[in-house]
Amino acid sequence: MNNKSTWSHVWTGSMIAALVAAIGVFLLMLHMEKQALSDYEKDYIYVAEKTIPKGVKITEENFEDYMVLKELDKSMIPGTAVNEKEQVVQCVAKEDIDAGVLLTSGMFETFLEITARMEQPVIAGFKAEDLYQVVGGVLRAGDRIHIYTVAEDGRAGLVWESVYVEQAFDSAGNVIGAENVTSPAQRMNVYLDAADVEYFYTELARGTLRVVKVCDG
């Protein structure tokens, strides 16, 4: 083989190698660009517009007061994100949610969860003349309470456990919001099973009922 033919083969081989290398670099850069774009992919999540007090029921009317839709990097959004109104309407906040918090489904509970163990859930209201019966009047919507009866010999027994407080009212019958930490609650609405209502009101009239608030954590 002469020198001209040899150099021709070397040149062709070099061109092929350079082309293969160029294609490899191009594919690598394309992959890196795709990865970079993926890292900054956007998605939506609802964020607390202002503090959402514990026990507040989210409705069609107050939804936009409490929540605003934000676009964020997808990597920042949890898998349980609230990104549809239907996920939280008719639900209540389990705890106080600060303004700016990314909202997830675990921060809320449905009334079905609250009444799951009841055969026929009803709302029972009562007015406590003695505020000792309702923990000094500090109860608010969303709180859980244990209700005891006190026998004539002074012994107390647990009757209802983790009863859900649906609403609290002041002496004038006005609803006390969860953000109001000063007004004493003098009337309550709580969830009970219909079968328990008769006994509840009988013992309430006798003045034997006492309430203990379930503390968080």
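Anything mentioned here points back to the structure above.
Worth saying up front: this structure is predicted, and the values here are computed from it rather than measured.

Points about the sheet that holds strand S7 (residues 156-169)
Paired through backbone hydrogen bonds, the strands of a sheet run either parallel or antiparallel to each other.
Turning to step 1, where the next piece is worked out: Within the open sheet, the five strands sit side by side as S5-S8-S7-S6-S9. Their pairing is antiparallel. Both outer strands of the open sheet, strand S5 (121-127) and strand S9 (209-213), are each paired with one neighbouring strand and no more. Each strand of the sheet is rotated relative to its neighbour by a mean of 40 degrees, with strand direction disregarded.
Turning to step 2, where the next piece is worked out: Looking at chain direction, S5 and strand S8 (residues 187-193) are connected through seven bridges and run antiparallel. For Gly125, the partnering residue across the bridge sits in S8 and is Asn189.
Turning to step 3, where the next piece is worked out: The strands touched by helix H4 (residues 197-206) are S5, strand S6 (144-150), S7, S8 and S9; relative to S5, the strand with the most contacts, the crossing angle is about 10 degrees.

Here's the deal with the nonpolar core
The nonpolar side chains of a soluble globular protein tend to be buried, and buried together.
Turning to step 1, where the next piece is worked out: In this structure, Ile145, Ile147, Met188, Val190 and Phe200 are the most contacted members of the largest nonpolar core, which totals 18 residues.
Turning to step 2, where the next piece is worked out: Counting residues per element, the ones that place at least two in this core are S5, S6, S7, S8, H4 and S9.
Turning to step 3, where the next piece is worked out: The leading source of residues in this core is S7, at four residues.
Turning to step 4, where the next piece is worked out: In terms of nonpolar packing, the next biggest core, distinct from the first, is built from 16 residues, Ala48, Val82, Val88 and Val89 among them.

Some points on the packing of aromatic side chains
Turning to step 1, where the next piece is worked out: Across all of its chains, the model carries six aromatic pairs by this definition.
Turning to step 2, where the next piece is worked out: Where Trp160 meets Phe200, the ring centres are 5.7 Å apart and the plane angle is 70 degrees; that geometry is what we call edge-to-face. With a gap of 40 residues between them, Trp160 in strand S7 and Phe200 in helix H4 connect regions that are remote in the sequence.
Turning to step 3, where the next piece is worked out: Owing to a relative accessible area of 8%, Trp160 belongs among the buried residues under this scheme.
Turning to step 4, where the next piece is worked out: On the basis of relative accessible area, Phe200 is assigned to the buried category, the value being 1%.
Turning to step 5, where the next piece is worked out: Ring geometry for Tyr164 and Tyr191: centres 6.1 Å apart, planes at 50 degrees, overall tilted. Of this pair, Tyr164 sits in strand S7 while Tyr191 sits in strand S8, and the two are 27 residues apart along the sequence.
Turning to step 6, where the next piece is worked out: Given a relative accessible area of 12%, Tyr191 falls into the buried group.

Quick notes on the pattern of salt bridges
Turning to step 1, where the next piece is worked out: If you walk through the whole model with that rule in mind, you get eight salt bridges.
Turning to step 2, where the next piece is worked out: For Lys213, the salt bridge is made with Asp143, and the minimal N-O distance between the two is 3.9 Å. Of this pair, Lys213 sits in strand S9 while Asp143 sits in the loop between S5 and S6, placing them 70 residues apart in sequence.
Turning to step 3, where the next piece is worked out: On the accessibility criterion, Asp143 (5% relative accessible area) is buried.
Turning to step 4, where the next piece is worked out: Where salt bridges share partners, they join Lys54, Asp143 and Lys213 into one cluster.

Remarks on the side chain of Asp193
Turning to step 1, where the next piece is worked out: Along the polypeptide, Asp193 turns up in strand S8.
Turning to step 2, where the next piece is worked out: With no salt bridge to any partner, buried Asp193 finds its closest opposite charge in Arg117, at an N-O distance of 9.5 Å.
Turning to step 3, where the next piece is worked out: Excluding anything up to four places from it in sequence, Asp193 contacts Met118, Glu119, Gln120 and Val122.

Calculation rules
Residues numbered from 1 in each chain as written. Predicted model: local features only at pLDDT ≥ 70, side-chain atom pairs only at ≥ 80, totals over all residues. Heavy atoms only, no water. Pairing = 2+ DSSP bridges. Helix = DSSP H or I, 4+ residues; strand = E, 2+ residues; numbered from the N terminus. Axes fitted to C-alpha atoms, helices over the stretch in contact; angles between N-to-C directions. Contact = heavy atoms within 4.5 Å. Core = buried A, V, L, I, M, F, W, Y, C linked by side-chain atoms within 4.5 Å. Buried < 20%, exposed > 50% of the residue type's maximum accessible area, 1.4 Å probe, protein only. Phe/Tyr/Trp six-rings, centres within 6.5 Å; stacked < 30°, edge-to-face > 60°. Salt bridge = Lys/Arg side-chain N within 4 Å of Asp/Glu carboxyl O. Lys, Arg positive; Asp, Glu negative; His and termini not counted.

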